Amino acid sequence: MLQRKRQTVTTSSDSFLVDPPRPAVRRTELPPGPSALPLVGQAFRLKNDFVGLLREAATYGDVSTVSVKPIMCCLVNNPELTRQVLVTNRLKTGRGVTAFETIRWMMGDGLTASTGTFHLKQRRLIRPRFHRRYIEHYAGAMTEISARKSRQWRDGAQVDMEQEMRDLTLEIVAKALFDIETHDVVRRVGRSFAESEGYIYARLTQPLFLRRLLHKLPVPSTRRFKEARAYLDELIYDLISERRRSGAEGDDLLCMLLQVRYEDAEGDEGSGMSDELVRDEAVSLYIAGHDTTATTLTYAFFLLSQNPEVEKRFHAELDDVLGDRDATLEDLPNLHLTDQIVTETLRLYPPFWLLGRMVFEPIELGGHRIPAGVSVVTSPLITHRDPRWFDDPLEFRPERWTDEFRSQLPQFAYFPFGGGEHQCIGEGFAWMEAKIALATLHRRWRATTSSKAEIMPRTTLKVKGGLPMRLERRR
């Protein structure tokens, strides 16, 4: 098995290398919030009812405190205060090193887990390659792979829609990122990512000393995680070596990562990324690129099945715009309801349901002084369902997304892909992928279910137990 010695890439100028000490403040000095047990705070609810805990905390006001001993955490539930956390105070807040340590076990120094000046440097380096003129190149593969999935379905078949959408987006991202089309390889990559995500979330909900201890011991879960990571490392490093031998000439995103160059001290083109850092960025893009869209498509199928009038209008739009064709990039400007359906799905079920920042210097939020060492979280899942910003917030109403409504909505009342310097770099890719796939699949099919889509908060918002659905051919 391929082994590589990893090197740290953080720099001496990075301001967020060490978390500040936990503040010696009394609970009464922080904003009000749900009551907590003396020694463990809300640790049990954090593990078993995290969303319920956040919903209760939001009833205490725009800023509330959740005690997870020994950590004090403040929930922000107001668009303007969210903007202050993610944008205005970005130099005083950042990703906590300790909190993201567990995620780095899989992501390394990729954009998903890095922070501080190094993150900004990497983001500026990679972001131009996610401009619309680059990502539109992958629209054809999105159409082709979605159409192939549609042809594989059978009338009357029972499927787990979550797994179907995960398989679909895995194939799309494997093609775009690595130019891989081998089904068996894609499925094994998917299993490796699923194993890794379950392991990381389980460790995140454990006390720091315990998660570090278990990560070192050869317990079954740790062994499976390390085997999954080793498989991905071997696969990706082999692809990197192959691309370097060919001069990194290709259209996939892996070649893009190998082609980008840092600027030297004189502003000229300098060296590129190391193999280790290319691997980290590739893993980050793969996980973010397939997981978020799979979740969105799964919930979209569920919501349409529960709202037959919306589904009927959706199918009418597809028949009118597409006829007997599969959806392409050129069709998207005319698929207005399709765009509204994806937008509303992301409102009710945002994949990135929780965003966290560590306070490195004291800040003021809503009249409350938040000291260094306190974690601040904001939740799109909570904010998106707030009646102050959305009428009938629990109802699936795609038609609400008119141009007028969008223009009047406060910034950060709707932020399914985060915001500020850590906003998802692949947002444009995800929007395009979701709309093309949803339109292509629904052109031929509808799906019904008697099950409820119960949310399961993990690193992204999953459907608990999957989503069994029955396929019905439309034409």
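Quick summary incoming for the structure in this document. (Residues numbered from 1 in each chain as written. Predicted model: local features only at pLDDT ≥ 70, side-chain atom pairs only at ≥ 80, totals over all residues. Heavy atoms only, no water.)

Regarding helix α11 (residues 220–245)
One turn of the α-helix equals 3.6 residues, which is why residues spaced by three or four share an orientation.
Link 1 in the chain: Here α11 spans 38 Å end to end across 26 residues, near enough to the 38 Å set by a 1.5 Å rise per residue.
Link 2 in the chain: At the C-terminal side of α11, Gly247 shows a positive phi close to 80°. (Helix = DSSP H or I, 4+ residues; strand = E, 2+ residues; numbered from the N terminus. Expected span 1.5 Å × (residues − 1).)

Considerations on the pattern of salt bridges
Link 1 in the chain: Scanning the model with the defined rule gives 39 salt bridges in all.
Link 2 in the chain: Notably, a salt bridge pairs Lys149 with Glu164, separated by 3.1 Å at the nearest N-O pair. Of the two residues, Lys149 sits in helix α7 (residues 139–152) while Glu164 sits in helix α8 (residues 161–178), which places them 15 residues apart along the sequence.
Link 3 in the chain: With a relative accessible area of 7%, Lys149 lands in the buried category.
Link 4 in the chain: Taking relative accessible area as the criterion, Glu164 reaches 17% and is therefore assigned buried.
Link 5 in the chain: Of the charged contacts, one joins Lys435 and Asp339 as a salt bridge, the two residues approaching to 3.0 Å between their closest N and O atoms. Taken together, the residues Lys435 in helix α18 (residues 427–444) and Asp339 in helix α15 (residues 336–348) connect sequence positions 96 residues apart. (Salt bridge = Lys/Arg side-chain N within 4 Å of Asp/Glu carboxyl O. Buried < 20%, exposed > 50% of the residue type's maximum accessible area, 1.4 Å probe, protein only.)

Some remarks on the sheet that holds strand β8 (residues 375–378)
Link 1 in the chain: Taken together, five strands build an open sheet; the order of strands is β1-β2-β8-β5-β3 and the sheet is mixed. Both outer strands of the open sheet, β1 (63–68) and β3 (93–94), are each paired with one neighbouring strand and no more.
Link 2 in the chain: Looking at chain direction, β1 and strand β2 (residues 71–76) are connected through six bridges and run antiparallel. Paired with Val68 across the bridge in β2 is Ile71.
Link 3 in the chain: Against the sheet, helix α2 (residues 50–58) contacts β1 and β2, and its axis sits at roughly 140° relative to β1. (Pairing = 2+ DSSP bridges. Contact = heavy atoms within 4.5 Å. Axes fitted to C-alpha atoms, helices over the stretch in contact; angles between N-to-C directions.)

Some points on unusual backbone geometry
Link 1 in the chain: Within the chain, Asp179 stands out as a residue other than glycine whose phi angle is a positive 60°.
Link 2 in the chain: With respect to the helices, strands and loops of the structure, Asp179 is situated in the loop between α8 and α9 (183–204).
Link 3 in the chain: Of note in the backbone geometry, Phe412 takes a positive phi value of approximately 70° without being a glycine.
Link 4 in the chain: Tracing the backbone through its elements, the reader meets Phe412 in the loop between α17 (403–408) and α18.
Link 5 in the chain: Exposure remark for Phe412: the relative accessible area of 7% places this residue in the buried category.

Observations regarding the sheet that holds strand β12 (residues 468–473)
Link 1 in the chain: Taking strand neighbours across the sheet as the criterion, the three strands line up as β4-β12-β9 in an open arrangement whose pairing is antiparallel. This sheet does not close on itself; its edge strands, each paired only once, are β4 (158–160) and β9 (445–448). Pairs of neighbouring strands in the sheet enclose a mean axial angle of 45°, with direction left out of account.
Link 2 in the chain: In the sheet, β4 pairs with β12 via three bridges, with the strands oriented antiparallel. From the neighbouring strand, Asp160 faces β12, where its bridge partner is Pro468.

A short note on the pairing of β8
The two faces of the sheet receive side chains in turn, since in a regular strand these alternate between them.
Link 1 in the chain: Where burial is concerned, the two faces of β8 agree: the one with Ser375 and Val377 and the one with Val376 and Thr378 are both buried.
Link 2 in the chain: Looking at chain direction, β2 and β8 are connected through four bridges and run parallel. From the neighbouring strand, Cys73 faces β8, where its bridge partner is Ser375.
Link 3 in the chain: Direction of pairing for strand β5 (residues 355–359) relative to β8: antiparallel, over a ladder of four bridges. In the strand pairing of β8, Met358 is matched with Ser375.

Topic: the pairing of β5
Link 1 in the chain: Burial analysis of β5 places four of its five residues in the buried class, which makes it a mostly covered element.
Link 2 in the chain: Relative to β5, β3 is paired through two bridges, and the arrangement is antiparallel. Its bridge partner lying in β5, Gly94 is registered against Met358.

As for the packing of aromatic side chains
Link 1 in the chain: Scanning the model with the defined rule gives 16 aromatic pairs in all.
Link 2 in the chain: Both rings, one in Phe50 and one in Trp353, keep their centres 5.4 Å apart while their planes meet at 90°; by these two values the pair is edge-to-face. Taken together, the residues Phe50 in helix α2 and Trp353 in the loop between α15 and β5 connect sequence positions 303 residues apart.
Link 3 in the chain: On the basis of relative accessible area, Phe50 is assigned to the buried category, the value being 16%.
Link 4 in the chain: On the accessibility criterion, Trp353 (3% relative accessible area) is buried.
Link 5 in the chain: A ring pair is formed by Phe390 and Phe405, whose centres lie 6.0 Å apart and whose planes are at 50°; its orientation type is tilted. Of the two residues, Phe390 is situated in the loop between α16 (380–383) and α17 and Phe405 in helix α17; the sequence distance between them amounts to 15 residues. Like Phe390, the residue Phe405 is buried in the burial classification.
Link 6 in the chain: Taken together, Phe390, Trp401, Phe405 and Tyr414 form an aromatic cluster joined through their ring pairs.
Link 7 in the chain: Taking the ring centre of Tyr262 as reference, the NZ or CZ of Lys121 above it sits at 4.6 Å.
Link 8 in the chain: For the cation-ring pair, Arg188 lies above Tyr231, with the distance from its terminal atom to the ring centre recorded as 3.8 Å. (Phe/Tyr/Trp six-rings, centres within 6.5 Å; stacked < 30°, edge-to-face > 60°. Lys NZ or Arg CZ within 6 Å of the ring centre and 35° of its normal.)

A closer look at the nonpolar core
Link 1 in the chain: Grouped together as the largest cluster of nonpolar side chains are 126 residues, with contacts concentrated most on Met161, Met165, Phe178, Tyr286 and Phe301.
Link 2 in the chain: Looking at this core element by element, the count peaks at 15 residues for helix α13 (residues 275–306).
Link 3 in the chain: Met72, Leu81, Val359 and Val376 belong to the second-largest nonpolar core, a separate cluster that totals 17 residues. (Core = buried A, V, L, I, M, F, W, Y, C linked by side-chain atoms within 4.5 Å.)

Notes on the packing of helix α14 (residues 308–321) against α15
Link 1 in the chain: Here α14 crosses α15 at 140°, and the two axes come no closer than 8 Å. Between α14 and α15, the angle is such that the two are oblique. For the pair α14 and α15, the contacting residues are Val310, Arg313, Phe314, Glu317 and Leu318 in the first and His336, Leu337, Thr338 and Ile341 in the second.
Link 2 in the chain: Looking at side-chain class alone, the contact of α14 with α15 contains five nonpolar, two polar and two charged residues. (Parallel < 35°, antiparallel > 145°, perpendicular 65-115°, else oblique. Nonpolar A, V, L, I, M, F, W, Y, C, P; charged D, E, K, R; others polar.)

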